[in-house]
Amino acid sequence: MRFRPLPFFFSLGLCVCVVLPLPLSAAGPQLTPAAEIQLNEGITRLYALDYTASRAAFRKLIQLEPDNPFGYLFEAGGLWWQSFQEYGLFQDTPTLQGLFEQDIESAILKTEPYLASSDPQAKADGYFVSGMALGTRGQWSLLKNKWFDAYFDGKKAVKHLNKCLNLDAQYHDAYLGLGVFDYQAAHLSGIARLGFLLGVRGDEARGLKRIEFALRRGRYANRQAAQFLAAIYLSELHDYAQARPVVESLRRDFPASSYFLFLDILLSCNLADWDRSLALGREHHRRVAADPKGFRRKWLTLACGLSGPDCLSKEDLERTLNWLDRALNAALQEPPDAYRTHLRLLRAAALDALGRREEAVADYQKAELLPPIGDSRELARECLAAPCGRGALLKR
């Protein structure tokens with residue numbers, strides 16, 4: 001399976017979800033203890049891929065403090081992360097797109113009192129929030145092929161983050177946003193890159209240094225910096241040894257996260273640490289078996305979150321098939337159980353999507369006879385009746 005980093009504008013927006021578990025200053029935006037509980041709940045639920053519960057927590061925060069710009073940005077960041085992980089979400093759910101756009105507008109509007117403040121710290125907070133919001137909106141414009149809208153929002157976002165640092169040189173969390181922008185702008189291509197070359201140039205080396213600085217020195221952004229660095233090490237640099245401690249730290253911070261567990265499975269696979277990867281695969285199965293119906297929605301993030309439009313590509317499916325073959329060979333040494341059913345069904349789906357229908361049918365038939373996990377038998381029968389190709393799988 002292929003990795004890819006998060007888009008730079010989105011990371012600017014979502015990093016706020018990690019940046020502010022506590023008030024930044026007495027004069028700046030403050031969260032009450034009750035609001036902090038909702039914030040932490042939203043973050044934890046987000047990385048556990050329970051998007052509905054995460055959004056409910058962020059919405060509760062907005063209700064508690066309707067004039068605080070951070071609540072709107074938290075919710076927008078969560079929506080954006082979900083849309084990026086679940087390919088085609090906004091196209092299929094226009095109401096979520098509308099909520100995202102409203103949240104960004106509200107976040108920018110609510111920063112105006114802070115930007116107008118005579119208190120340097122409050123003003124720094126305002127520039128920080130507005131920079132994040134502008135950057136997130138710029139990424140949305142980029143996805144909609146509105147190149148110049150994205151360019152102007154991106155340029156202004158960088159300007160605001162730099163003003164934040166000019167007001168408070170110790171505002172180290174701002175380096176995450178600047179570093180992500182630097183790194184990702186350097187990797188844009190074609191017409192998208194032309195817009196940014198008008199005045200905002202990317203710098204890969206500087207971007208990495210800034211993200212690493214935020215990881216070491218950021219007050220609250222270190223976990224988001226870790227997430228982004230893990231993606232870079234895995235997808236761009238293929239430096240799996242560097243990725244290992246970063247992924248492990250994220251798993252410690254978010255032990256209930258299926259997403260970070262999945263990254264660990266893939267990382268261990270790339271390191272050829274098969275014992276660990278297969279053991280983590282069994283842990284993943286136990287989580288699915290505990291709530292098969294609830295986990296159905298999460299699989300789309302795991303399948304598509306790192307590939308986007310290339311979700312379930314031939315390359316990804318063949319790599320997945322290799323892992324499944326190893327896992328199944330190990331499982332065959334033990335009595336039949338729901339884990340073997342799980343593997344058979346996944347292997348059948350991968351084969352079906354690859355067009356290897358005869359082999360897929362054999363696995364569907366075996367899965368139908370094994371101990372069930374959730375509605376595995378019904379799924380097997382459906383896919384025996386008609387091929388379950390890429391399109392069918394993405395709709396499940």
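Just above sits the structure.
(A) Local environment of the overall build of the protein chain. When its secondary structure is counted, the protein chain shows 23 helices and zero strands. Evaluated residue by residue, the protein chain yields a buried proportion of 55% over its 396 residues. Put simply, the protein chain shows about 16600 Å² of open surface, and 53% of that area lies on carbon and sulfur atoms.

(B) Expanded view of the state of the cysteines. Applying the stated criterion to the full structure yields one disulfide. For Cys 383, the disulfide goes to Cys 388, at an S-S distance of 1.9 Å. Note on the Cys 383 and Cys 388 pair: the S-S dihedral is about -95°, so by sign convention the disulfide is left-handed. The buried category is assigned to Cys 383, whose relative accessible area is 5%.

(C) Structural detail: helix 4 (residues 69-85). Taking 1.5 Å of rise per residue, the 17 residues of helix 4 would be expected to cover 24 Å, and the 25 Å separating its terminal C-alpha atoms lies within 8% of that figure. By the criterion of burial, helix 4 is predominantly enclosed, with 17 of the 17 residues buried. Two or three places before Phe 70, at the start of helix 4, stands the capping residue Asn 68, its side-chain oxygen 2.9 Å from that residue's backbone nitrogen.

(D) Local environment of the packing of aromatic side chains. Inspection of every chain in the model, using the stated rule, returns 14 aromatic pairs. Here Tyr 175 and Phe 213 contribute two aromatic rings whose centre-to-centre distance is 5.0 Å and whose plane-to-plane angle is 75°, an arrangement assigned as edge-to-face. Taken as a pair, Tyr 175 in helix 10 (residues 174-187) and Phe 213 in helix 12 (residues 204-217) lie far apart in primary sequence, 38 residues in all. With 5.8 Å between their ring centres and 40° between their planes, Phe 254 and Phe 260 make a pair best called tilted. Across this residue pair, the class does not change: Phe 254 and Phe 260 are buried. An aromatic cluster is present here, built from Tyr 47, Tyr 51, Trp 81, Phe 254, Tyr 259 and Phe 260 joined pairwise through their rings. Across the ring face of Trp 274, the terminal group of Arg 326 is positioned such that the distance to the ring centre comes to 3.9 Å.

(E) Examining the packing of helix 12 against helix 13 (residues 222-236) more closely. Look at helix 12 against helix 13: their axes get within 8 Å of each other, and the N-to-C directions meet at 140°. The angle between the axes of helix 12 and helix 13 places the two elements in the oblique class. Read as a crossing pair, helix 12 and helix 13 show a hand that is left-handed. Taking contact as the criterion, the partners of Leu 208, Ile 211, Glu 212, Ala 214 and Leu 215 in helix 12 are, on helix 13, Asn 222, Ala 225, Ala 226, Phe 228, Leu 229, Ile 232 and Tyr 233. Here the residues of the contact of helix 12 with helix 13 are counted per class, giving ten nonpolar, one polar and one charged.

(F) Structural view of the environment of Asn 68. If you trace the backbone, Asn 68 turns up in the loop between helix 3 (51-64) and helix 4. Along the backbone, Asn 68 and Thr 111 are 43 residues apart, and their C-alpha atoms lie at a distance of 8.1 Å. One polar contact links the side chain of Asn 68 to the main-chain amide nitrogen of Phe 70, over a distance of 2.9 Å.

(G) Spatial organisation of the pattern of salt bridges. Under the defined criterion, the tally for this structure stands at 25 salt bridges. A salt bridge links Asp 182 to Arg 206, with the shortest nitrogen-to-oxygen separation between them at 2.5 Å. Here the residue Asp 182 occupies a position in helix 10, and Arg 206 occupies one in helix 12, the gap between them amounting to 24 residues. Overall, the relative accessible area of 36% leaves Arg 206 in the partly exposed class. Ionic pairing is found between Asp 264 and Arg 244, a salt bridge with its closest N-O pair at 3.0 Å. A residue pair is termed long-range when its members are at least 10 positions apart, and Asp 264 in helix 15 (residues 258-270) and Arg 244 in helix 14 (residues 240-253) qualify at 20 residues. Both residues of the pair, Asp 264 and Arg 244, belong to the buried class. Via salt bridges that share partners, Arg 244, Glu 248, Arg 251, Asp 264, Asp 273, Arg 276, Glu 283 and Arg 287 belong to a single interconnected network.

Conventions adopted
- Residues numbered from 1 in each chain as written.
- Predicted model: local features only at pLDDT ≥ 70, side-chain atom pairs only at ≥ 80, totals over all residues.
- Heavy atoms only, no water.
- Helix = DSSP H or I, 4+ residues; strand = E, 2+ residues; numbered from the N terminus.
- Buried < 20%, exposed > 50% of the residue type's maximum accessible area, 1.4 Å probe, protein only.
- Areas by Shrake-Rupley, 256 points an atom, 1.4 Å probe, with all protein chains shown as cover.
- Disulfide = S-S within 2.5 Å.
- Expected span 1.5 Å × (residues − 1).
- Polar contact = N/O pair within 3.5 Å; in protein donor to acceptor, adjacent residues only side chain to side chain.
- Phe/Tyr/Trp six-rings, centres within 6.5 Å; stacked < 30°, edge-to-face > 60°.
- Lys NZ or Arg CZ within 6 Å of the ring centre and 35° of its normal.
- Axes fitted to C-alpha atoms, helices over the stretch in contact; angles between N-to-C directions.
- Parallel < 35°, antiparallel > 145°, perpendicular 65-115°, else oblique.
- Left-handed = near helix turned anticlockwise from the far one by under 90°.
- Contact = heavy atoms within 4.5 Å.
- Nonpolar A, V, L, I, M, F, W, Y, C, P; charged D, E, K, R; others polar.
- Salt bridge = Lys/Arg side-chain N within 4 Å of Asp/Glu carboxyl O.

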